[in-house]
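Spelled out, the chains give:
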Amino acid sequence: MKSSYYFDVLRGRSQELPDVRSKVVRVFVSSTFTDTLAERDSLIENIFPKLKDYCRQQYGLEFQYADMRWGIQTESANNHGEVATCLKEIELCKKYSVATNFVVLLSHRYGSRPIPAQIRAPLFEPLKETILKEEDQTHDGELLTQWYKIDTNCIPHAYILQNISSILPDFVSKNTDEVKQADKQWRNISNQLRTCLRRAAELCLQRKQISESDYDEFFISITEKEIVNGILLAKDANERTLCFLREIVDIREHLSDDKVSKYIDMSTSSDVDQEAEKLLERLKTVRIPAALKSSNVYKYQVRWSPDGITRQRHIEYLDKFNNDFYQAMKEQIDRCVQARLRISSDDLQHEVLEHAIQCKTYVSKFHGRSDVLSKLEQFVKNKKECRPCVVHGHSGCGKTSVLAKTATEVFKWWPNRSVSVILRFLGTTPTSSTIYKTLLSISRQICEIYNMSMNAYPTVNQLRDQLEINLLSQIPDNEYLVILLDSIDQLQIDAYDCKWLPIQFPSNVKCIISTLPDHGGIYDYLQGLLQEDADIFIRVPPFEPSTVTIVYNDWLAMKHRSLSEEQSLFIKNFMETRNEILPLFMKLVFDIISTWHSYDTIDEKLNDLKDVDDCIRYLFQRLQVIHHYVLFSRALCYMTAFRSGISQNELEDVLSLDDDVLKSVFQHYIPPVRRLPGILWTRIRNDLDEYITEKEVDDAPVIYWYHRRFIEVARELYVSNLNATDRMNVFQNVVDFFKETWKGKNKPFKIEDPKLVHKYKLDRSDGEIQANRFTTSQPTEFVGSDGQVQYNKRKLNELPQFLSKLAPDISLPIAAEEILFNYSFMHAKFSCSSFVDITQDVDTFQNQSNFKSSTEVKEIQKELSYLSPTYLLFGILLNEYPSNYAFELTARLVTLYGSKPYITQLIKQCDEQSPRHCALIVPYCELQPPGNGLLYSMNKHTMPVVDLDFANNQMAAISLSNKIVVINMRNGDTVIDMNLPIIDEPYLDSTTLSNAIMAFNKEKTSKKIGYDDDLKNSDSDDDEYFKKFMFLVNSTHHIYLVSNHGDMKFHQTSSRGYLFVEVIDRVIGLCLFVEEGSNSLECWHIGQNKLFAKLDLKTKSSIKQVLCSNLSSLVIIIALHDGTILFYTFNDSTFNHRATIDAGKHLDAMVICRDQLICTFDAMVPIDFAHIDIEEISKTDVVVTDGKIMKSIVAFNPPITSKPYRKIIVPENKKDIIDLSMKLFFMIITKESLYIVHVCKGRDISYLCIPDQCDIASICIEHPHLVYTARRGIINIYKWRCIAEEDDHIDEKITMHHVYQLFVAIDISSSSVLTIKPAKDSAGLFLCSLQNGAINAYHTFAAHNAAKNIPPFSRTTEVIDSIQLSGTNAITVDILKQELTLWLYQHSTEIESRRVLLDTVTINDYAVLPNTAVLIITSQNSAEIYALKSLNKDPLLRLRLGVHHVSFLLITILSFYFPMMDHFNIFNKTTRNSIKHQQNNSTLNVQNYLALF
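Residues numbered from 1 in each chain as written. Predicted model: local features only at pLDDT ≥ 70, side-chain atom pairs only at ≥ 80, totals over all residues. Heavy atoms only, no water.

A few points about the overall build of the chain
Here is step 1: When helices and strands are counted, the chain shows 42 helices and 62 strands.
Here is step 2: In terms of overall dimensions, the chain has C-alpha extents of about 140 × 90 × 65 Å along its principal axes.
Here is step 3: Evaluated residue by residue, the chain yields a buried proportion of 56% over its 1493 residues.
Here is step 4: When contacts within the chain are restricted to residue pairs at least 6 apart in sequence, long-range pairs at least 24 apart make up 64% of them.
Here is step 5: Here the chain has roughly 65,000 Å² of accessible surface; of this, 49% comes from carbon and sulfur atoms.
Here is step 6: Side-chain charges in the chain split into 164 positive and 190 negative, and the spacing between the mean points of these groups amounts to 2 Å. (Helix = DSSP H or I, 4+ residues; strand = E, 2+ residues; numbered from the N terminus. Buried < 20%, exposed > 50% of the residue type's maximum accessible area, 1.4 Å probe, protein only. Contact = heavy atoms within 4.5 Å. Areas by Shrake-Rupley, 256 points an atom, 1.4 Å probe, with all protein chains shown as cover. Lys, Arg positive; Asp, Glu negative; His and termini not counted. Charge placed at Lys NZ, Arg CZ, Asp CG, Glu CD.)

Below is the structure:
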């Protein structure tokens, strides 16, 4: 059961949100540098990779470590930022880590004790005074004054240690010798400053001028400061910290050794630093034990070696240390995670929390905007306004913060109501990056909140319709919902037209969206959809300069900072000269000035900053100087290139794989571990802290830009500007990382600096070294100790997109092996990705240009042409049942095994790896293979498509379900997608009309009444032309005329229901209506919404059927229930009676075929049909008697069987066809067969019988020799023709024969076929609509060619209900219990024999004697035994059981046993021999039996 907290989160009500929702174990490793190299290197190589794998596999967590002693570079020393960087990293570890966050390694070194980088003025001034007056150290005082300057911008004032390079410029020189000399100078100065400050601190402490904590600032080491913050001040130190103490028992015996100074603090070359030793002893014996339990402290004793502590000489110790470290970490992680972290599998809650946490961040920085909030409050409270509200403004104006603030203020605006808020910051998470995923996520959230059900439809339009029609309308009236969608301009371009946005919401639902006013035409689209109104289009204006001053003062006070008068005046003037002051611009400028010291000179380059992008470039240019251009640019390149962010481990790994980065970092030395020192990225991240955000993407913690402007500027500077070589290297590094190219291997690394080559003796290898980069493992799935599988969504989503950016010759072979034809990858992808994402990946590689590409690339793309349509057949189903991937794929592609190498490889993997997911292994092709002629599939409907038609000279496909969808057939675009009025019954039919009917004036035209296919015959494909469309739709009880916007222009309702609805004139807009059980016809002018004419029949019998035919005039044919057929013409609003025929009470149905009325009769009339010439009736102005009407009766030999006919189908007539064989052409569907009635070679009426038990059939008059039939999900396409043969015995006698062939069969296993619509202009092209709402387009000849090498599957007439196996045979009974079928399935499935029972007889039960015979018990109480392979022959034995016979029946090779009859009935000799013959002389044990009833 889901908790109240869960629902509070979904409803936007939770007040107990964390700052971040972490899934990280982030450990700060504190140690002194030179004496713990062996331990730290061993951890990096052996233990940290194991912990990364353990956390991922067991808990889905990312393990990160921060080793700040490794990689400290010149710049970090130059600005004295080492201590601040380390302490900030400790706080981040404590903030984000869900388990262990701090580990310390200590031995005999106390560590570095640098002078403070900043000293508070109240502390610094008495120290300086003491130095100058009492110590009488004028030189020291001058040195102190030179290196420490007061910063009055700091509150309280502080003295700041100056950058080394500001006084010693050579410290940052590119010349190594100059750097060494400057470093030596700085060490001397630093020692002098340290000495004088410590002496002064001792005197001031004695006089109680300073506190002990102030005193410690000048004495304790960086390591102790880290321990204080990581352990001593931590409330949960025993749960999240560890300490490892190493004692070198004999180190004092070797103080004269060369390397001993690296392992113990020395004051001279032979004396131990007593002060450091005392402080270290206090730390190890007093301070740490006071905070940590003994179980958290691990102690070791080792002996000295001439090389110090090395991995070669201290193997046993390091093994124990490694094992202890791993076990201690593992135990803490287990305890913390199990106690504190609840990993939920609810992706929806993850998504909602991500946006809620972002909202909390935005609200915390919100300032002002009361005018905009007031307008939004008025909108929310306006009950009459049901349209969405649009918040707009330029990038950086604060739209996002306004919507975030609205999300919290809504509960104050509606204080006494049950309110829910759904909030999405679009583009900030993968789920909110496309409108499809966003609508799906919002729909799921609504269903969870209000306990509804929904379907995960595959298209945006379907999701929108479901949301608008089904979900929002079900929200209770006493519940209120606010939907906030920020930055719709962050969506993909296909969402810019905003057709996905519902235009009208229920009165208790409010929708607010935000967008840029000048991006992609979004604002214009919204104006067109919503009809711009000041109340619903709310602009977020820039700030005024006066407001900036107020805001800046507030922000500076929060940071305990201020500005000098000169600086304040500069900023005031600077802002007054800006045209628009956007909040983001303000923020970026503030971040620059908030770092100003009072003594800093103002950078005049600031005057060049005109907008947000200028500020970002200024920031990046400053930081790339500080952090080195190559490192900084590549770090930002990788972070920006990933779709929604990059994890810290991923970034450090890909930077470590980047040789250009390592060359820039290792300029002066090569560390023992050849990967990027973590501190280098940490320093960059700290400087970008205000502009990046941590969030969860693909079940992993990632960092990404918090505003789109940073994304675009970073992409412009560091991604788009890459040259071809760098671009390939960057993307290749990411690909290598995810495919584990260098996992556990050495990646060669080329050292080009001659000094380094000489220093590290690399002359023989030409500067090349083998470097293990220690990258994190990237399996496709992680399996925990409990067997729980967690998929590596980072790899699944990022590897395809980075591969696609490489050249096809590089990308496609890798994609084929790692992704497209890789079972593990594809199964995982289907398990956790939408089918839309999968098809996009496949299409991306399939559509890559192969110009001048290798043969291998072309072969891969060729095989993808098989794989892609295969996924169309079952892909959506796999999103629900991903474990069926191998079965669905192999069952369709196994025929290609051996002939297509990549598909062969994939099938092999399916056989080897799939049993752990699905036990079915497919030995042969069992399901519809790919290449079945499917051109595309349109998923525009959520309900069954009941009507499908062409218009606009077949340039438009119009489909009807509970909505009208019009597709432009030239480009596949949806030009109209319109919901119909909601009714409680399905719609039945639709007719497309022109909006000209609304203005038609009958008095101004002499046009005769009748059809005029203006829309059908036009060939315009201009989208503007489609706006002329109107639609007449009808259900059983309703008739509507609606515009292409959904406006209702006409509505009629019948309580009895409509028997007949047909438009008789598309130009005037006339429509005939007939109600059930009625004796009258009404003709309505639907454009004018008025009755045009009415015909009342003076008959006792009611109307049974009505037909219309437009010949010389409009003829209306009315059949009554008593068999009377009435003929009327219709001109000038008058019905004119022209003829009456008495067809008799056995009249069944009528259809019109060109100028012939086809009449069929029930089984009492021994003819097949009659046809009546109605052309003459249409021409006459007088009543024609029955005797003068030309009538013909057709009785075939053999006759068409059986009656009543299920359907009669007439192709859509085309008047200009003069082929005499088409004069009479229609099809009849009976229970058993399809009959094509036609005139053979212009001579005799005949028919072709195709034994196909179809539900629907279709044919195109332009291509009459292609016949389309469908039964459930199977489409059969036949070719047929007439053959004339001369009779040798009779002169001039020609005999007509008919031949047909099953041209191709298409299995659409996903859904039943409802309609088939062949195209007139393209032979073989057809559309079909499906029960699931899809519309598929196929090409018959493409399907035929693809099926040449794959024979059609055998199938039963009806769906199989049950199956029994017998050796290599299977026996099935259909759902109607009338068809018994024997299948062979050893190497392929085929039907060997079958028996179909009579209509009145069914199979009650059946049983199989292995490989021999089958017994059936029928509904007529008979038992029949058939030889297995001769089911179509007479039974071997038939017994009448009687009504009161047996409670059970046992059959063996010798006898039947009827216990209640108390006797045996032994087979005679002939029967026994027959059975033995059928079993191929096999011997049966007499105990074998068929069934027990």
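Re the pattern of salt bridges
Here is step 1: By the definition in use, this model includes 69 salt bridges.
Here is step 2: The salt bridge involving E385 is made with R387; its shortest N-O contact spans 2.9 Å. Comparing E385 with R387, the two get one shared label, buried.
Here is step 3: Ionic pairing is found between K572 and E576, a salt bridge with its closest N-O pair at 2.9 Å. One end of the pair, K572, and the other, E576, are both in helix 21 (residues 565-576), four residues apart, so they sit about a helical turn from each other.
Here is step 4: Through salt bridges with shared partners, one network takes in D489, D613, R708, R709 and E712. (Salt bridge = Lys/Arg side-chain N within 4 Å of Asp/Glu carboxyl O.)

A look at the pairing of strand 50 (residues 1325-1330)
Here is step 1: Summarising burial for strand 50: five of the six residues are buried, a large majority.
Here is step 2: One ladder, built from five bridges, connects strand 49 (residues 1313-1318) with strand 50; its direction is antiparallel. Along strand 50, the bridge assignment pairs P1318 with F1326.
Here is step 3: Of the pairings in the sheet, the one linking strand 50 to strand 51 (residues 1335-1339) comprises five bridges and is antiparallel in character. Opposite S1329, over in strand 51, you have I1335 as the bridge partner.
Here is step 4: Linkage of strand 50 to strand 51, two consecutive antiparallel strands, is achieved through a turn of four residues, within which G1333 is found at a positive phi near 95 degrees. (Pairing = 2+ DSSP bridges.)

Comments concerning the packing of aromatic side chains
Here is step 1: Taken as a whole and assessed by the stated rule, the structure comprises 62 aromatic pairs.
Here is step 2: Taking the centre distance of 5.5 Å and the plane angle of 35 degrees together, the rings of F830 and Y885 count as tilted. Here F830 is found in helix 33 (residues 823-832), whereas its partner Y885 is found in helix 36 (residues 885-893), with 55 residues between them in sequence.
Here is step 3: Judged by its relative accessible area of 0%, Y885 is buried.
Here is step 4: Ring pairing ties together the aromatic residues F48, F63, Y65, F244, Y298, Y300, Y317, F321 and F325, which thus form one cluster.
Here is step 5: Above the ring of Y480, the side-chain terminus of R417 is found at 4.5 Å from the ring centroid.
Here is step 6: In this arrangement the basic side chain of K805 is found over the ring face of F802, its NZ or CZ atom lying 5.1 Å from the centre. (Phe/Tyr/Trp six-rings, centres within 6.5 Å; stacked < 30°, edge-to-face > 60°. Lys NZ or Arg CZ within 6 Å of the ring centre and 35° of its normal.)

Notes on the sheet that holds strand 23 (residues 963-968)
Sheets are built from strands that pair by backbone hydrogen bonding, the pairs being arranged parallel or antiparallel.
Here is step 1: A sheet is described by the order of its strands in space; here four strands give the open sequence 21-22-23-24, paired in antiparallel fashion. The strands lining the two open edges of the sheet, one partner per strand, are strand 21 (947-951) and strand 24 (974-979). Here the strands of the sheet are splayed against their neighbours by 15 degrees on average, with no regard to which way each runs.
Here is step 2: As paired strands, strand 21 and strand 22 (residues 956-960) are joined by five bridges and run antiparallel to one another. Residue L948 lies in a different strand from strand 22, and its bridge partner there is S959.
Here is step 3: The strands touched by helix 18 (residues 460-471) are strand 23 and strand 24; relative to strand 24, the strand with the most contacts, the crossing angle is about 20 degrees. (Axes fitted to C-alpha atoms, helices over the stretch in contact; angles between N-to-C directions.)

Notes on the sheet that holds strand 40 (residues 1191-1194)
Here is step 1: If you trace the four strands from one edge of the open sheet to the other, you get 37-38-39-40, paired in antiparallel fashion. Every other strand in the sheet has two partners, leaving strand 37 (1147-1153) and strand 40 as the edge strands with one partner each. Averaged over all pairs of adjacent strands, the angle between their axes in this sheet comes to 20 degrees, without regard to strand direction.
Here is step 2: The sheet contact formed by strand 38 (residues 1156-1161) and strand 39 (residues 1169-1173) spans four bridges and is antiparallel. Each residue of the ladder has a partner; that of I1158, found in strand 39, is H1171.

Quick look at unusual backbone geometry
What is expected of a backbone is that most residues other than glycine have negative phi and most peptide bonds are trans.
Here is step 1: The omega torsion of the bond from N1197 to P1198 falls at 0 degrees, within 30 degrees of zero and hence cis.
Here is step 2: A cis amide bond links K1203 with the next residue in sequence, P1204, at an omega value of -5 degrees.
Here is step 3: Looking at the element boundaries, P1204 is found in the loop between strand 40 and strand 41 (1207-1209).
Here is step 4: Phi is positive for H560, which is not a glycine, with a value near 60 degrees.
Here is step 5: If you trace the backbone, H560 turns up in the loop between helix 20 (545-558) and helix 21.
Here is step 6: A positive phi is found at R1272, a non-glycine position, where the angle reads about 55 degrees.

Remarks on the pairing of strand 12 (residues 509-515)
Here is step 1: Of all seven residues making up strand 12, seven are buried, and the element is well covered by its neighbours.
Here is step 2: Of the two faces of strand 12, the one carrying V509, C511, I513 and T515 and the one carrying K510, I512 and S514 are both buried.
Here is step 3: Strand direction decides the pairing type here: strand 9 (residues 389-392) and strand 12, joined by four bridges, are parallel. Paired with V391 across the two strands is S514, which belongs to strand 12.
Here is step 4: Here strand 11 (residues 479-486) runs beside strand 12; their pairing, made up of five bridges, is parallel. Each bridged residue has a counterpart across the sheet, and for V482 the counterpart in strand 12 is K510.

Quick look at the side chain of T406
Here is step 1: Take T406: it is sitting in helix 16 (residues 399-413).
Here is step 2: By relative accessible area, which is 1% here, T406 ends up buried.
Here is step 3: Setting aside chain neighbours within four positions, we find T406 in contact with L373, L376, W413, L484 and I512.

Here's the deal with the packing of helix 31 (residues 793-803) against helix 33
Here is step 1: Following both chains from N to C, one finds helix 31 and helix 33 inclined at 105 degrees, their axes separated by 10 Å at the closest point. By the angle class used here, helix 31 and helix 33 are roughly perpendicular. Between helix 31 and helix 33, the contacting residues are K793, K795, L796, N797, L799 and P800 on the first element and F825, A828, K829 and C832 on the second.
Here is step 2: Per-class residue counts for the contact of helix 31 with helix 33 are six nonpolar, one polar and three charged. (Parallel < 35°, antiparallel > 145°, perpendicular 65-115°, else oblique. Nonpolar A, V, L, I, M, F, W, Y, C, P; charged D, E, K, R; others polar.)

Thoughts on the packing of helix 15 (residues 370-381) against helix 16
Here is step 1: Orientation of helix 15 relative to helix 16, taken along the N-to-C sense of each, is 50 degrees, at an axis distance of 10 Å. It follows that helix 15 is oblique to helix 16 by the angle criterion. Two packed elements cross with a definite hand, and for helix 15 against helix 16 that hand is right-handed. Along its contact with helix 15, which presents V372, L373, L376, E377, V380 and K381, the element helix 16 presents V402, K405, T406 and W413.
Here is step 2: Here the contact of helix 15 with helix 16 is composed, by residue class, of six nonpolar, one polar and three charged. (Left-handed = near helix turned anticlockwise from the far one by under 90°.)

Focus: helix 28 (residues 708-719)
Here is step 1: Of the positions making up helix 28, those classed as buried are R708, R709, F710, I711, V713, A714, Y718 and V719.
Here is step 2: Against the buried residues of helix 28 lie helix 22 (583-593), helix 23 (612-626), helix 24 (629-641), strand 15 (700-705) and helix 29 (724-738).

A closer look at a nonpolar patch on the surface
Here is step 1: A surface patch of nonpolar side chains, amounting to about 240 Å² of accessible area, comprises V1359, I1375 and L1376.
Here is step 2: Take V1359: it is sitting in the loop between helix 41 (1340-1347) and strand 52 (1360-1366). (Patch = residues over 30% accessible without salt bridge, like charges linked within 9 Å, V, L, I, M, F, W, Y side chains within 5 Å.)

Some thoughts on the environment of L242
Here is step 1: Mapped onto the fold, L242 is located in strand 7 (residues 241-248).
Here is step 2: Along the sequence, L242 and R727 sit 485 residues apart, while their C-alpha atoms lie 43 Å from each other.

Section: the nonpolar core
Here is step 1: F620, L688, W705 and Y885 are the most contacted members of the largest nonpolar core, which has 218 residues in total.
Here is step 2: Here the element with the most residues in this core is helix 17 (residues 435-450); it accounts for nine residues.
Here is step 3: When near neighbours in sequence (up to four residues on either side) are disregarded, L688 contacts L619, F620, L623, F632, L636 and W705.
Here is step 4: Listed in part, the 45 residues of the second largest apolar core include L242, L255, Y300 and V302. (Core = buried A, V, L, I, M, F, W, Y, C linked by side-chain atoms within 4.5 Å.)

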